[in-house]
Amino acid sequence: MPATYDSLRALSRQTMKKLLDVQEWRKFLAFASRSFKLPFPAQVLAYAQRPDAAALMKSSEWDAFGRPVKKGCHGVPVPEGRGKKLVYYYDIADTRETDESRPVPLWHVRPENQKGIGKALESYLGKLEDASGFAETLLAAARKATAYTVDDRLDDLAAHKPGSLLEELDGDSLLAAYSTVMENSVGYMLLARCGIEPAPHLTGEDFYGLLDFNTPSTLTILGSAVTETAAMCLSVIAKAVRRMQAAPAEAERAPAVPKPALLQPVPEKRYTLQGGWELAVVGSDAESILYSFIDLPEQEPVPVSRKDFDQWLAAGFIQPAPAAIPA
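**Considering the pattern of salt bridges**
When the charged atoms of two side chains with opposite charge come close together, those side chains can pair. On inspection of all chains with the given rule, the structure shows five salt bridges. Residues Glu 129 and Arg 143 are paired through a salt bridge, measuring 2.9 Å at the closest nitrogen-oxygen approach. Of the two residues, Glu 129 sits in the loop between helix H5 (114-125) and helix H6 (134-149) while Arg 143 sits in helix H6, which places them 14 residues apart along the sequence. In this structure Glu 129 comes out as exposed when scored by relative accessible area, which is 66%. Owing to a relative accessible area of 27%, Arg 143 belongs among the partly exposed residues under this scheme. Two residues, Arg 153 and Glu 228, come together in a salt bridge whose shortest N-O distance is 3.0 Å. Of the two residues, Arg 153 is situated in the loop between H6 and helix H7 (154-160) and Glu 228 in helix H9 (residues 216-246); the sequence distance between them amounts to 75 residues. The partly exposed category is assigned to Glu 228, whose relative accessible area is 38%. Each of Arg 50, Asp 52, Asp 91 and Asp 94 takes part in one network of salt bridges that share partners.

**So, the side chain of Arg 193**
With respect to the secondary-structure elements, Arg 193 resides in helix H8 (residues 171-193). Comment: no salt bridge for buried Arg 193; closest opposite-charge side chain is Asp 91, at 11 Å. Apart from the residues within four sequence positions on either side, Arg 193 is in contact with Ser 33, Arg 34, Trp 107, His 108 and Leu 234.

**Remarks on the state of the cysteines**
Evaluated as defined, the whole model comprises zero disulfides. You can see Cys 194 has no disulfide; the closest cysteine sulfur is in Cys 233, sitting 9.7 Å from it. For Cys 194, a relative accessible area of 4% gives the class buried.

**A look at the packing of helix H2 (residues 22-34) against H8**
Axis separation between H2 and H8 bottoms out at 8 Å; the angle between their running directions is 60°. The orientation of H2 with respect to H8, classified from their angle, is oblique. The hand of the H2/H8 crossing is right-handed. Contacts between H2 and H8 involve Trp 25, Arg 26, Leu 29, Ala 30, Ala 32, Ser 33 and Arg 34 on the former and, on the latter, Ser 185, Tyr 188, Met 189, Ala 192 and Arg 193. Split by residue class, the contact of H2 with H8 holds seven nonpolar, two polar and three charged.

**Looking at helix H3 (residues 40-49)**
Across the 10 residues of H3, seven count as buried, placing the element largely inside the fold. The set of residues buried in H3 consists of Phe 40, Ala 42, Gln 43, Val 44, Leu 45, Ala 46 and Tyr 47. Looking at the buried positions of H3, the neighbouring elements they touch are helix H1 (5-18), H2, strand S1 (56-58), strand S2 (76-79) and H9.

**Examining the environment of Glu 80**
The residue Glu 80 is located in the loop between S2 and strand S3 (86-91) in this model. Taking C-alpha positions, Glu 80 is 8.5 Å from Ala 42, a pair spaced 38 residues apart along the chain.

**A look at the confidence of the model for the protein chain**
Put simply, the protein chain has an average pLDDT of 86, and 87% of its residues get 70 or more. Here strand S4 (residues 264-273) stands out as the element of the protein chain with the lowest mean pLDDT, 65, in contrast to H2, whose mean of 97 is the highest. Segment residues 251-263: pLDDT under 50, and 28 contacts once partners within four positions in sequence are set aside and those in other chains are kept. Within the model, pLDDT remains below 50 along residues 323-327, and this stretch shows zero contacts once partners closer than five positions in the same chain are excluded.

**Here's the deal with the side chain of Thr 146**
Take Thr 146: it is sitting in helix H6. For Thr 146, a relative accessible area of 2% translates into the label buried. Setting aside its immediate chain neighbours within four residues, Thr 146 contacts Ser 179, Met 182, Glu 183, Val 186 and Thr 229.

What counts and how
- Residues numbered from 1 in each chain as written.
- Predicted model: local features only at pLDDT ≥ 70, side-chain atom pairs only at ≥ 80, totals over all residues.
- Heavy atoms only, no water.
- Salt bridge = Lys/Arg side-chain N within 4 Å of Asp/Glu carboxyl O.
- Helix = DSSP H or I, 4+ residues; strand = E, 2+ residues; numbered from the N terminus.
- Buried < 20%, exposed > 50% of the residue type's maximum accessible area, 1.4 Å probe, protein only.
- Lys, Arg positive; Asp, Glu negative; His and termini not counted.
- Contact = heavy atoms within 4.5 Å.
- Disulfide = S-S within 2.5 Å.
- Axes fitted to C-alpha atoms, helices over the stretch in contact; angles between N-to-C directions.
- Parallel < 35°, antiparallel > 145°, perpendicular 65-115°, else oblique.
- Left-handed = near helix turned anticlockwise from the far one by under 90°.
- Nonpolar A, V, L, I, M, F, W, Y, C, P; charged D, E, K, R; others polar.
- pLDDT = per-residue confidence, 0-100.

This is the structure we're talking about:
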């Protein structure tokens, strides 16, 4: 029976209830670490339908790699945006090679890549408090990335806590509960994607607070924060791994994360990010935007496609900052 918008909504609600089980949450996090470019609601539905998927993309994206979708494959349907339109994601197993196929940039971490990954994460996040081992480096990166992003959705979480087990928590207690589950979940995703068994480092007790996010809205806020924060780190790791594996002889000599190419300077425009962070656009061209966080002057500017930046604006994820009132 073909999927419909209403049937997918029902499936999403059922899956969200299952995710409140710590064991199920950890399975989902391992899956999300392989599909970190998808938004959380799409990840939930993809997990419910294809938990074994290795790499999910739309058919147009597979076409770009010269890998058409095999006939008879129906893909994973997911609602797109706020409307009822469905888009379909296909696993690499749903595609076939052709004479025009290009290598798909799937990656895995080899032991010799671990040092370079640590350098890349420190280049992106700043000095990590514990880099005594690879697992410790990844968990320290999760803590630091969470510290940067945990406030982004805190006001939204506070507004949606009525009716959940978070309802009685004051501001400090809410922040503590939220940041603990978020930090450990991000850490779990990084460990899982980098081939480190998370169980010795993160036990079920580390996710005890998950049960308090027992409404669809609070769990969606948590899940979105977790997967987006992990995606920041995993994108850095992926670029570092691909670079090292493409040119292993240069891996130790080259900077772990190449500094973003400086685009054409533009008059500084400031925007506010959900949660109160402020960013400034410091360069642009026809395809890309270069921005930096005002409160993180030590961090390198971040490149993003102009298309994604425009979508952030359209969705209200970022908003132009009000012009300063002249003194």
